[in-house]
Amino acid sequence: MELRALQYFVTVAEELHFARAAQRLGIVQPAVSQQIARLERELGVRLLDRTSRRVRLTPAGERVLAAARRTLGAAARVRVVAGEPAAVLRIGVASCVTRRLDRAVGRLSDSERPAAPKLVDLPVAARLDAVRDGELDLALVRGAFTSAAVTVVRAWSEPLHAVLAREHPAARKPAVSLHDLDPYGLRLPARDSDPPMHDAILAALPVAPLRPPAGDMLNVLFEVGRDAAGWTLMSAEQFEGSRSERLLQMPLDPPVTVDGHVVTSLATPEPCVASYVAAFAD
């Protein structure tokens, strides 16, 4: 039994489509079909039910899929132990660099499964598409988020802070309540700039925003800095990479937190997912 055949099977099982699987693998479709047929003969079971309209896993295929992922993960560990150079690990991130990201890059580089992280700055939607399509190995996403197309694992939690102009009336307080901030002064970026984070902020607000969300977070921070009554909400760690002399962040009272997630493709072996989560955890 060849590892290549297991990889082909895992890819077909994820796509449930031979042509799309072949495209992901960068080979012709007949080669995929031949490897799957050979694997079924070797195992003596049918792994996939195929019709002209659909492909689906058989019960045996479900069991073999889990085992195949574990086997491919084990093979990757063997290559690392044997001294194979660290593989490039493509990580989708936002443009700001935080201490968590900096620390995680060090952990990934020095772990038992060493990797050479490559940071790719992409909007959230593009990040998720790139992970699903195999163009990124993992992505970081903050906020409430689930998806059947990728693997989503909560890795950390961090506080939401109010971001105010230094001239804001509440600027000298040690902490601020959302009930004490003028709802009309709230600025929010458009939802399509970061849907999970946008939804997490809306869930934390005591009342609905009175101004329509607009622009991206950079423009929102610029507007807040120009308005002594303006404010927005931002994760404390994200603000680290977006500092401005005209702005300051304040803790909320009572505190509000937002979860951070590691997102990988459905094909990523469980040991790899666990190592990525550990790298970004507190």
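See the structure printed just above.
Residues numbered from 1 in each chain as written. Predicted model: local features only at pLDDT ≥ 70, side-chain atom pairs only at ≥ 80, totals over all residues. Heavy atoms only, no water.

> Quick question: what am I supposed to make of the overall build of the protein chain here?
Tallying secondary structure elements over the protein chain gives 10 helices and 9 strands in all. Taking the principal axes of its C-alpha atoms as reference, the protein chain extends roughly 75 × 45 × 30 Å. Residues classed as buried in the protein chain amount to 43% of the 282 residues present. Split by element, the accessible area of the protein chain, about 14,600 Å² in all, is 53% carbon and sulfur. Computing the positive centroid from 35 side-chain charges and the negative centroid from 33, the protein chain places the two 5 Å apart. (Helix = DSSP H or I, 4+ residues; strand = E, 2+ residues; numbered from the N terminus. Buried < 20%, exposed > 50% of the residue type's maximum accessible area, 1.4 Å probe, protein only. Areas by Shrake-Rupley, 256 points an atom, 1.4 Å probe, with all protein chains shown as cover. Lys, Arg positive; Asp, Glu negative; His and termini not counted. Charge placed at Lys NZ, Arg CZ, Asp CG, Glu CD.)

> Help me understand the packing of helix H5 (residues 99-110) against helix H10 (residues 270-280) in this model?
A pair of packed helices is characterised by two quantities: the angle between their axes and the separation of those axes. Across the interface, H5 lies against H10 with an axial gap of 8 Å and an inter-helix angle of 135 degrees. It follows from the interaxial angle that H5 and H10 lie oblique. The handedness of the crossing between H5 and H10 is right-handed. Across from Arg100, Leu101, Arg103, Ala104, Arg107 and Leu108 in H5, the residues of H10 making contact are Ser275, Tyr276, Ala278, Ala279 and Phe280. Residues of the contact of H5 with H10, tallied by class, amount to 7 nonpolar, 1 polar and 3 charged. (Axes fitted to C-alpha atoms, helices over the stretch in contact; angles between N-to-C directions. Parallel < 35°, antiparallel > 145°, perpendicular 65-115°, else oblique. Left-handed = near helix turned anticlockwise from the far one by under 90°. Contact = heavy atoms within 4.5 Å. Nonpolar A, V, L, I, M, F, W, Y, C, P; charged D, E, K, R; others polar.)

> What's the story with the packing of helix H2 (residues 18-25) against helix H3 (residues 29-43) in this structure? I'm lost.
Where H2 meets H3, the closest approach of the two axes is 8 Å, and the angle between their N-to-C directions is 105 degrees. In terms of orientation, H2 and H3 fall into the roughly perpendicular class. In this structure, H2 uses Phe18, Ala19, Ala22 and Leu25 to contact H3, whose residues at the interface are Gln29, Val32, Ser33 and Ile36. Residues of the contact of H2 with H3, tallied by class, amount to 6 nonpolar, 2 polar and no charged.

> Would you take a moment to explain a nonpolar patch on the surface for this structure?
A grouping of Met1, Leu43 and Val45 is seen on the molecular surface, where their side chains present a nonpolar patch of about 250 Å² in accessible area. Topologically, methionine 1 is positioned in the segment before helix H1 (3-15). (Patch = residues over 30% accessible without salt bridge, like charges linked within 9 Å, V, L, I, M, F, W, Y side chains within 5 Å. Salt bridge = Lys/Arg side-chain N within 4 Å of Asp/Glu carboxyl O.)

> In this structure, what is going on with the pattern of salt bridges? I would like to understand it.
Two side chains of opposite charge can pair, provided their charged atoms sit close to one another. Scanning the model with the defined rule gives 15 salt bridges in all. For arginine 132, the salt bridge identified is with aspartate 133, shortest N-O distance 3.1 Å. Judged by relative accessible area, which is 38%, arginine 132 ranks as partly exposed. When the shortest N-O distance is used, the salt bridge between glutamate 237 and arginine 142 registers 3.7 Å. Here glutamate 237 is found in helix H9 (residues 236-240), whereas its partner arginine 142 is found in strand S5 (residues 138-142), with 95 residues between them in sequence. Each member of the pair, glutamate 237 as well as arginine 142, is classed as buried. Overlapping salt bridges, with partners in common, bring together Arg100, Arg142, Glu158, Glu237 and Asp282 in one network.

> I would appreciate a short explanation of the side chain of arginine 127 in the present structure.
Along the chain, arginine 127 turns up in helix H6 (residues 124-132). For the buried arginine 127, no salt bridge is present, and the opposite-charge side chain at shortest range is aspartate 194, 5.4 Å distant. Looking at arginine 127, its side chain comes within polar contact range of the main-chain oxygen of leucine 122, at 2.8 Å. Aside from chain neighbours lying at most four places away, what touches arginine 127 is Gly92, Val93, Ala94, Leu122, Leu136, Ala139 and Leu140. (Polar contact = N/O pair within 3.5 Å; in protein donor to acceptor, adjacent residues only side chain to side chain.)

> Sorry, what's going on with the nonpolar core here?
Within soluble globular proteins, side chains that are nonpolar tend to cluster in buried spots. Membership of the largest hydrophobic core comes to 22 residues, with the highest contact counts inside it found for Phe9, Val12, Phe18, Ile36 and Leu48. Listed by contribution, the elements that provide at least two residues to this core are H1, H2, H3, strand S2 (55-57) and helix H4 (59-81). Listed in part, the 21 residues of the second largest apolar core include Ala162, Ala170, Leu181 and Leu233. (Core = buried A, V, L, I, M, F, W, Y, C linked by side-chain atoms within 4.5 Å.)

> I keep staring at the environment of glutamate 42 and nothing clicks. Help me out?
On the secondary structure map, glutamate 42 appears in helix H3. In this structure, the C-alpha to C-alpha distance between glutamate 42 and serine 275, residues 233 residues apart in sequence, is 32 Å.

> Honestly, the environment of methionine 217 in this entry has me stumped. Any pointers?
Relative to the assigned elements, methionine 217 resides in helix H8 (residues 217-226). Each C-alpha atom, one on methionine 217 and one on tyrosine 276, is 27 Å from the other, the two residues being 59 residues apart in sequence. Residue contacts for methionine 217: discarding those within four places in its chain leaves Pro189, Leu233 and Met234.

> In this structure, what is going on with the side chain of glutamine 238? I would like to understand it.
Along the chain, the position of glutamine 238 falls in helix H9. The contact partners of glutamine 238, leaving out residues within four places of it in the chain, are Cys96, Thr98, Arg142, Glu158 and Met197.

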